[in-house]
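An overview of the molecular structure
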Amino acid sequence: MSLKKFKSREVFTNTMKAHPKCDFVVLEGRVIYNDIPNQSGSRNDEVRNVDTAKGYISLYEFNIDRPYVVTDRIVGASPTASYAAAVTASEAVNDPITFVQDTGRIYPWISKDSARSSFNTVGATSYNNEFMYGDVLTGEYLLLTASKTIRP
């Protein structure tokens, strides 16, 4: 493939056509989304379908087959590192908690720094008073589902 160097006054226009498809098939109380077959999980009978009796299906598939397990481990640390001991040690010397407890689930997180970024659920007062610079704020992905009803 040959390369062309553009001059300063040249304009490159690119067009992309997209043909998105979303297909629901409801058959015998099951909802099939985009022709993806049923998947069974190690903890749930059906991974994609949340409540097949009512026709619900998971939208984002976050944490579908993951249990919430409170452990004493720290994400990204050695398996022998204790979360409780690390929190106690940080609070004793008034250091920010820059680590996260492992719960076995996917979650959003953000670190408090000079950019003043935070989640929408954290107000300005609690952000300024309850968190130190360097603290890690974590959130939770809720189970978002969709359903389709058939009207007679």
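The structure this text deals with has already been given above.
Worth saying up front: this structure is predicted, and the values here are computed from it rather than measured. (Residues numbered from 1 in each chain as written. Predicted model: local features only at pLDDT ≥ 70, side-chain atom pairs only at ≥ 80, totals over all residues. Heavy atoms only, no water.)

**As for the overall build of the chain**
Along the chain, the regular secondary structure elements total two helices and six strands. Starting at the N terminus and walking to the C terminus, you meet the elements of the chain as β-β-β-α-β-α-β-β. By residue count, 18% of the 152 residues in the chain fall in the buried class. Across the chain, contacts joining residues at least 24 apart in sequence account for 47% of those joining residues at least 6 apart. When the accessible surface of the chain is summed, it comes to about 12,200 Å², and 53% of that surface belongs to carbon and sulfur atoms. (Helix = DSSP H or I, 4+ residues; strand = E, 2+ residues; numbered from the N terminus. Buried < 20%, exposed > 50% of the residue type's maximum accessible area, 1.4 Å probe, protein only. Contact = heavy atoms within 4.5 Å. Areas by Shrake-Rupley, 256 points an atom, 1.4 Å probe, with all protein chains shown as cover.)

**Overview of the side chain of Ser90**
Topologically, Ser90 is positioned in helix α1 (residues 83–92). Look past the residues within four positions of Ser90 in its chain and what remains in contact with it is Asp95, Pro96, Ile97 and Phe99.

**Structural notes on the packing of aromatic side chains**
For any pair of aromatic rings, the description consists of the separation of the ring centres together with the inter-plane angle of the planes. Counting across every chain of the model gives two aromatic pairs. Both rings, one in Phe6 and one in Phe12, keep their centres 5.8 Å apart while their planes meet at 55°; by these two values the pair is tilted. Ring plane angle 85° and centroid distance 5.8 Å describe the contact between Tyr83 and Phe99, whose orientation is recorded as edge-to-face. Taken together, the residues span a long stretch of sequence, with Tyr83 in helix α1 and Phe99 in the loop between α1 and β4 (109–111) at a distance of 16 residues. (Phe/Tyr/Trp six-rings, centres within 6.5 Å; stacked < 30°, edge-to-face > 60°.)

**Observations concerning the layout of surface pockets**
Within this model, the largest pocket holds a volume of roughly 390 Å³. Considering the residues around the largest pocket, the lining is formed by 20 residues, among which Val100, Gln101, Thr103, Thr138 and Gly139 are closest to the centre. Along the lines of polarity and charge, the residues of the lining of the largest pocket split into 11 nonpolar, five polar and four charged. (1 Å grid on protein atoms, 1.4 Å probe; cavity = no way out; pocket = protein on both sides within 12 Å on 5 of 7 lines; lining within 4 Å. Points joined across faces, edges and corners; volume = space filled by probe spheres on them. Nonpolar A, V, L, I, M, F, W, Y, C, P; charged D, E, K, R; others polar.)

**Focus: a nonpolar patch on the surface**
On the surface, a nonpolar cluster with roughly 240 Å² of combined accessible area is contributed by Phe62, Ile106 and Tyr141. As for its position among the elements, Tyr141 is in the loop between β5 (136–138) and β6 (145–146). (Patch = residues over 30% accessible without salt bridge, like charges linked within 9 Å, V, L, I, M, F, W, Y side chains within 5 Å. Salt bridge = Lys/Arg side-chain N within 4 Å of Asp/Glu carboxyl O.)

**A look at the environment of Phe62**
Counting through the fold element by element, Phe62 comes out in the loop between β3 (57–58) and α1. Note on Phe62: relative accessible area 36%, which makes it partly exposed. The sequence separation of Phe62 and Ile106 amounts to 44 residues, and the corresponding C-alpha distance is 6.9 Å.

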